[in-house]
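Understanding the architecture of this molecule
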Amino acid sequence: MDNSVLNHDLVVVGSGFFGLTIAERCASELGLRVLVLDRRSHLGGNAYSEKEPTTGVEVHKYGAHLFHTSNERVWEYVNRFTSFTDYKHRVFGKYQGQVYSLPMNLGLINQFFGKSHTPDEARELIKEQASEIATEDATNLEEKAISLIGRPLYEAFIKGYTAKQWQTDPTKLSADIITRLPVRYTFENRWFNDTHEGLPVDGYTAWLTKMADHPNIEVRLDTDFFDVKDELLGQVPVVYTGPIDEYFGNSEGRLSWRTVDLEESVEEVDDFQGTGVVNYNDQEVPFTRIIEFKHFHPERVKTHLPGKTVIVHEYSRFAEEGDEPYYPINTAEDREKLLKYRELAKKEPMVLFGGRLGTYKYLDMHMAIGSALSMYDNKLKPHFESGATLESGGVDE
């Protein structure tokens, strides 16, 4: 690390939404000189997107990213950097050769049971099927799911998909993994219920690049924080958004995550599946879903090469060392380790831990941005404006 790091007021480790929100706020509002470090060769973390060169289709390189929020402050903030399309996310599920509209709603119930139901009739049907097991008696995920939606819907739409996601038989998974399984007794099939939803008009990378485009922000890519950690710590405040266990050398043990393998291919058809996301609920199908990216931006149809489309088969598995962590598994063992890491984090002078990896929480994009704005309001701004002590840790208890 060259000595210019000491010319910065703040170092942010990681250039995903959490890190860039911190960097942008501190540079724009407080006039701080911010250095952003990222071990990857691009900014944006898992939200990074790029055009597939032969088709012109924008591909989300780390899986589908759909922006939605009901947080008005977050919505106002993100609209400073991008405008949004009116895309509304809808998901379909394939089971035994038939395609159903998800999430579970009146349309799916009618189609699956081969009969028209009024909302009240559908409620009664699900209530009757769910009565097989009392929710309070459920000892594993399978029993819990059956107690909520009944065995037929569970076996069709939850069992196989869950087994593939977790690489574990649902009877061996904890009941507390699912707190609820919503069933809509209307034909509404929007995946999200939030007030605001859409995709960035010019793509995620354009949006993230604009957040970092400030004269007070320097982004250094292909730079591993752990190569320069010893030179930084104690010299300048650090906001760290990498894995919290890695920061402490896995001293309390590795936290467990699920990861996804994404197999991208260009198909010689104009339209592969007619929609952006189709889940594959049959357990014998090895992948969990297929994403077809051109459906995310139908307004770009003239910029896409006709007769070709880009799809991704998504596979879910436990993350091993070197894999990209996506979803915290959050077992009782993990929670025990996390408490120990939080105690260690509190003792780290001038270091705040944030983001999905730094807090071991699954955060949607809007949640990561909201969390970063809170850290800025409650910790960074008081410290830099009025000299308040920088309380280390930064993890919401």
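Residues numbered from 1 in each chain as written. Predicted model: local features only at pLDDT ≥ 70, side-chain atom pairs only at ≥ 80, totals over all residues. Heavy atoms only, no water.

Comments concerning the sheet that holds strand 15 (residues 327-328)
Pairing is mixed across the open sheet formed by seven strands, whose spatial order is 7-6-12-13-14-11-15. Pairing within the sheet leaves two strands with one partner each, and these edge strands are strand 7 (98-102) and strand 15. Its contacts with the sheet place helix 3 (residues 106-113) against strand 6 (91-95) and strand 7, and it is angled at close to 155° to strand 7. (Pairing = 2+ DSSP bridges. Helix = DSSP H or I, 4+ residues; strand = E, 2+ residues; numbered from the N terminus. Contact = heavy atoms within 4.5 Å. Axes fitted to C-alpha atoms, helices over the stretch in contact; angles between N-to-C directions.)

As for the domain arrangement of the protein chain
Split by domain assignment, the protein chain resolves into domain 1 (5-86 + 200-253 + 329-394) and domain 2 (104-177). For domain 1 versus domain 2, the distance between C-alpha centres works out to 37 Å. (Domains from an automatic or database assignment.)

Topic: the environment of Val12
Mapped onto the elements, Val12 comes out in strand 1 (residues 10-13). Looking at Val12, the relative accessible area reads 0%, which means it is buried. In this structure, the C-alpha to C-alpha distance between Val12 and Val34, residues 22 residues apart in sequence, is 7.2 Å. (Buried < 20%, exposed > 50% of the residue type's maximum accessible area, 1.4 Å probe, protein only.)

With respect to the packing of helix 1 (residues 17-30) against helix 7 (residues 204-212)
Running from amino to carboxyl end, helix 1 crosses helix 7 at an angle of 30°, the nearest separation of the two axes being 8 Å. Classified by the angle their axes make, helix 1 and helix 7 are roughly parallel. Counting all contacts with helix 1, which are made through Phe17, Leu20, Thr21 and Glu24, the residues of helix 7 involved are Tyr204, Trp207, Leu208, Met211 and Ala212. Class assignment for the residues of the contact of helix 1 with helix 7 results in seven nonpolar, one polar and one charged. (Parallel < 35°, antiparallel > 145°, perpendicular 65-115°, else oblique. Nonpolar A, V, L, I, M, F, W, Y, C, P; charged D, E, K, R; others polar.)

A closer look at helix 10 (residues 332-346)
Under the 1.5 Å per step criterion, the end-to-end length of helix 10 is 21 Å for 15 residues, consistent within 8% with the ideal 21 Å. Among all positions in helix 10, only Asp334, Lys337, Leu338, Tyr341, Arg342 and Ala345 are buried. Buried residues along helix 10 cover an arc of 150° about the axis, so they all sit on one side. Along helix 10, exposed side chains directed more than 90 degrees from the buried face belong to Ala332, Glu333, Glu336 and Leu339. (Expected span 1.5 Å × (residues − 1). Arc of directions from axis to C-beta.)

Examining unusual backbone geometry
For residues besides glycine, phi is generally negative; the peptide bonds are generally trans as well. Look at the link from Leu102 to Pro103: it is a cis peptide, with omega at -5°. Looking at the secondary structure, you find Pro103 in the loop between strand 7 and helix 3. A positive phi is found at Asn330, a non-glycine position, where the angle reads about 65°. Residue class for Asn330 comes out partly exposed when judged on its relative accessible area of 33%.

Details of the nonpolar core
If you look at the biggest cluster of nonpolar residues, it comprises 82 residues, and the most contacted ones within it are Phe17, Phe67, Val78, Tyr204, Trp207, Phe296 and Ile369. In terms of residue count, the dominant contributor to this core is helix 6 (residues 151-166) (six residues). Looking at this core, you find at least three residues from each of domain 1 (5-86 + 200-253 + 329-394) and domain 2 (104-177). (Core = buried A, V, L, I, M, F, W, Y, C linked by side-chain atoms within 4.5 Å.)

Some words on the sheet that holds strand 10 (residues 238-240)
In spatial order, the strands read 9-2-1-10-16; together these five strands make up an open sheet with parallel pairing. The open sheet has two edge strands with one neighbour each: strand 9 (217-220) and strand 16 (351-353). Averaged over neighbouring strand pairs, the angle between their axes works out to 20° when direction is ignored. Judged from the four bridges that link them, strand 1 and strand 2 (residues 34-37) form a sheet pairing that is parallel. If you follow Val13 over to strand 2, its bridge partner there is Leu37. Packed on one face of the sheet, helix 12 (residues 365-386) meets strand 1, strand 10 and strand 16 and runs near 170° to strand 16.

With respect to helix 4 (residues 119-130)
In this model helix 4 runs 16 Å from its N-terminal to its C-terminal C-alpha over 12 residues, within 8% of the 16 Å that 1.5 Å per residue would give. Contacts made by the buried residues of helix 4 are with helix 3, helix 5 (141-149) and helix 6.

Quick notes on the packing of aromatic side chains
Within the structure shown, the criterion is met by 30 aromatic pairs. For the ring pair Phe67 and Trp207, a centre distance of 5.4 Å and an interplane angle of 80° mean the geometry is edge-to-face. Of this pair, Phe67 sits in strand 5 (residues 67-69) while Trp207 sits in helix 7, placing them 140 residues apart in sequence. The pair formed by Phe67 and Trp207 is uniform in burial state, with each residue classed as buried. Judged by centre distance (5.8 Å) and plane angle (25°), the ring pair of Tyr204 and Trp207 falls under stacked. Linking Tyr204 with Trp207, this pair stays in helix 7, spanning three residues, or about one helical turn. These aromatic residues form a ring-pair network of at least three members: Phe225, Phe226, Tyr240, Tyr247, Phe248, Tyr341 and Phe353. (Phe/Tyr/Trp six-rings, centres within 6.5 Å; stacked < 30°, edge-to-face > 60°.)

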